[in-house]
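Given next are the chains, with one letter for each unit.
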Amino acid sequence: MSSAHSDRVAGIGGIMRESGLKVAEQAYTYSAAGEDITGTNVYGILQGPRADATEAMVIMAGWKNFEGLVNYSGVALVLTLARYFARWSIWSKDIIVIISPESTYGPIAWVDAY
């Protein structure tokens with residue numbers, strides 16, 4: 001993992017922790033069309049105070065969009081929503097926030113593991 005990628009993963013994880021989420025990382029590798037695709041998902045779980053951990057709502061943003069550009073707006077929106085949701089104690093479901101390096105294989109890897 002490059003230092004820029006490690007710094008990004010650590011920074012996103014820090015923002016999630018500051019918002020009150022339990023944070024974890026998931027490294028993955030997929031082979032597609034003869035190419036190995038690797039990355040690290042950062043995800044945080046906001047446990048609903050009235051939740052029984054059987055249902056969850058997942059909000060996700062890819063760090064890069066399909067055109068390979070950094071998805072500043074999408075990542076900022078997801079992190080802002082996480083911070084907003086953490087302020088309320090009305091949730092009867094867990095809320096899971098995922099920031100993936102890209103929009104295709106990272107989410108697939110997370111769902112496969114979940």
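Quick look at the structure, then. Since we're looking at a predicted model, the values are computed, not measured.

**Looking at the environment of isoleucine 90**
Part 1 of the reasoning: As for its placement among the helices and strands, isoleucine 90 is situated in the loop between α2 (72-86) and β4 (94-100).
Part 2 of the reasoning: Here the alpha-carbon distance between isoleucine 90 and glutamate 25, two residues 65 residues apart in the chain, equals 27 Å.

**A few points about the nonpolar core**
Part 1 of the reasoning: Among the nonpolar cores identified, the biggest contains 17 residues, and Ile12, Met16, Val97 and Ile99 are the most heavily contacted of them.
Part 2 of the reasoning: Going through the elements one at a time, α1 (3-18), β2 (35-46), β3 (56-62), α2 and β4 are the ones with two or more residues in this core.
Part 3 of the reasoning: The element that contributes the greatest number of residues to this core is α2, accounting for five residues.
Part 4 of the reasoning: Here methionine 16 is in contact with Leu21, Val23, Val42, Tyr43, Gly44, Leu79, Val97 and Ile99, once residues within four sequence places are set aside.

**Considerations on the packing of aromatic side chains**
Part 1 of the reasoning: If you walk through the whole model with that rule in mind, you get six aromatic pairs.
Part 2 of the reasoning: Relative to phenylalanine 85, the ring of tyrosine 84 has its centre 6.1 Å away and its plane inclined at 55 degrees; by these criteria the two rings are tilted.
Part 3 of the reasoning: Residues tryptophan 110 and tyrosine 114 carry aromatic rings whose centres are separated by 4.7 Å and whose planes lie at 15 degrees to one another, so their mutual orientation is stacked.
Part 4 of the reasoning: On the accessibility criterion, tryptophan 110 (5% relative accessible area) is buried.
Part 5 of the reasoning: Cluster of aromatic residues (ring-pair linked, three or more members): Tyr28, Tyr30 and Tyr105.

Basis of the calculations
Residues numbered from 1 in each chain as written. Predicted model: local features only at pLDDT ≥ 70, side-chain atom pairs only at ≥ 80, totals over all residues. Heavy atoms only, no water. Helix = DSSP H or I, 4+ residues; strand = E, 2+ residues; numbered from the N terminus. Core = buried A, V, L, I, M, F, W, Y, C linked by side-chain atoms within 4.5 Å. Buried < 20%, exposed > 50% of the residue type's maximum accessible area, 1.4 Å probe, protein only. Contact = heavy atoms within 4.5 Å. Phe/Tyr/Trp six-rings, centres within 6.5 Å; stacked < 30°, edge-to-face > 60°.

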